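Per-entry structural report
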Amino acid sequence: MLGESQIAELNKVAMAMVAPGKGILAADESMSTVGKRFAGINLENTEDNRRAFREMLLTAPGEGQYISGVILFDETIRQKTSTGESFVSVLQKEGILPGIKVDQGLMDDPVSSGQKLTKGLDGLGDRLKEYVGLGAKFCKWRSVITIGEGTPTDANIRQNAKDLAQYALVCQQNGLVPMVEPEVLIDGDHTIDQSEAASEKILIALFEELKNAGVALEGTILKTSMVISGKGTGKLDAPEEVAKRTVELFKKVLPENLAGQAFLSGGQSELQATANLNAMHQLGGLPWPLTFSFARALQDGATKAWAGKKENLEAAQKVFLHRAKMNSLASLGKYSSDMEKGFSDTTASVSQN
Ligand code: 13P
């Protein structure tokens, strides 16, 4: 069992992660995922290009106004800027908490075919000790729930929930705040009702397993998907609908002592993700801090503006800071689409209907 002072320390970090008007940048894409992003801008996936890409995101001046924490990848937490300063130090100077992705990617679920489990529990404690030494304050572990014919199965949901709880416990024992991320994939042609049903099942199982494992929810951040129609339907749900469904589900299943929730964007366009978060805050009366922890919906426009070229650095950082500011405003319910003037949504990927 964790002691009171350990829980108080974890709570302090967790609350800073979801401080009002701030959210978390996910910059923890694995090498192969960065490769997919670079293919979009015709850039070779080399270590130095990945380093330069992260430098563009992490050195945007003043981003600490909007960003409370950054999730780094194992390679990135060890890298430095072109002037030789470690990324961790850059973040610390901006008052941003360094975080680290500690899962080791997905594997096929041997029991439930067509579904995934997440690797990385073996030797986790030792890896976390090293990350603490490198300056990490929080961690992320992503599980994936796939909606399809007969999926997700109860067995797959339960195993993912158990693994997330085991990871969260080891994090807290090492003084790190766990972000527990069951991502209900937006890929597929499922309805918003199916998204809601799958989200409800995984969240109920997750909080049961966190409780069974003795994880302190005051020192835990949930990172999950919005309740939303599958991308394959081509349907763009109204932000009010996404907000109402998501918040109602959360009120039903999230414990009150959870420190906070930060959404992934999951393949929504930048503007869609911001508008949906804003609509949740316009509903008001939220029992927990709800904010953003986007990768694509914070990075896509900036990545295109950068295109791997030094001379585009400033312009790309401007795009990134604009997006961070819009999401900061959305996390307070103060965003409006008029604020996007001069910044086009280059990332719309779900057709309007
Ligand atoms: P997206 O916002 O691109 O979904 O990424 C967030 C994330 O951290 C997924 O694990």
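Above this text you will find the structure in question.
First, a word on what this report is: a plain description of the structure on this page. (Residues numbered from 1 in each chain as written. Predicted model: local features only at pLDDT ≥ 70, side-chain atom pairs only at ≥ 80, totals over all residues. Heavy atoms only, no water.)

What about the packing of helix H3 (residues 47–58) against helix H11 (residues 296–306)?
At a closest axis distance of 11 Å, the pairing of H3 and H11 adopts a crossing angle of 120 degrees. With respect to H11, the element H3 is oriented oblique. The handedness of the crossing between H3 and H11 comes out as right-handed. Here H3 contributes Asn49, Ala52, Phe53, Met56 and Leu57 to the contact with H11, which in turn contributes Gln299, Ala302, Thr303 and Trp306. A per-class count over the contact of H3 with H11 returns 6 nonpolar, 3 polar and no charged. (Axes fitted to C-alpha atoms, helices over the stretch in contact; angles between N-to-C directions. Helix = DSSP H or I, 4+ residues; strand = E, 2+ residues; numbered from the N terminus. Parallel < 35°, antiparallel > 145°, perpendicular 65-115°, else oblique. Left-handed = near helix turned anticlockwise from the far one by under 90°. Contact = heavy atoms within 4.5 Å. Nonpolar A, V, L, I, M, F, W, Y, C, P; charged D, E, K, R; others polar.)

Observations regarding the site of the ligand
Close contacts around the ligand come from Ala26, Lys140, Arg142, Glu181, Lys223, Leu264, Ser265, Gly266, Ser293, Phe294, Ala295 and Arg296, and that covers them all. Separating an oxygen atom of the ligand from a side-chain N or O atom of Lys140 is a distance of 2.5 Å. Ser265 places a side-chain nitrogen or oxygen 2.5 Å from an oxygen atom of the ligand. Calculation on the ligand without its partners gives an accessible area of 300 Å², and the protein chains cover 94% of this total. Of the residues assigned to the shell around the ligand, the class counts are 4 nonpolar, 3 polar and 5 charged. (Near = heavy atom within 4 Å. Polar contact = N/O pair within 3.5 Å; in protein donor to acceptor, adjacent residues only side chain to side chain. Areas by Shrake-Rupley, 256 points an atom, 1.4 Å probe, with all protein chains shown as cover.)

Quick word on H3
A rise of 1.5 Å per residue sets the reference length of H3, with its 12 residues, at 16 Å; its end C-alpha atoms lie 16 Å apart and thus fit the reference within 8%. Buried residues of H3: Arg50, Arg51, Phe53, Arg54, Glu55, Met56, Leu57 and Leu58, and no others. (Expected span 1.5 Å × (residues − 1). Buried < 20%, exposed > 50% of the residue type's maximum accessible area, 1.4 Å probe, protein only.)

Some words on the side chain of Gln268
Along the polypeptide, Gln268 turns up in the loop between strand S9 (260–263) and helix H10 (270–283). A distance of 2.8 Å separates a polar atom in the side chain of Gln268 from a polar atom in the side chain of Asn276.

A word on the sheet that holds strand S2 (residues 67–72)
Reading across from one edge, S1-S2-S3-S6-S7-S8-S9-S10 is the order of the 8 strands in this open sheet, with parallel pairing throughout. Bordering the open sheet on either side are strand S1 (23–27) and strand S10 (290–292), each of which pairs with just one other strand. Neighbouring strand axes in the sheet, compared pairwise and without regard to direction, differ in orientation by 25 degrees on average. With 2 bridges joining them, strand S7 (residues 177–184) and strand S8 (residues 221–224) adopt parallel strand pairing. Paired with Val180 across the strands is Leu222, a residue of S8. Across the sheet, H10 touches S9 and S10, and the angle it forms with S10 is around 165 degrees. Strands in contact with H11 are S1, S2 and S10; relative to S1, the strand with the most contacts, it is inclined by about 60 degrees. (Pairing = 2+ DSSP bridges.)

In short, geometric facts, not functional conclusions.
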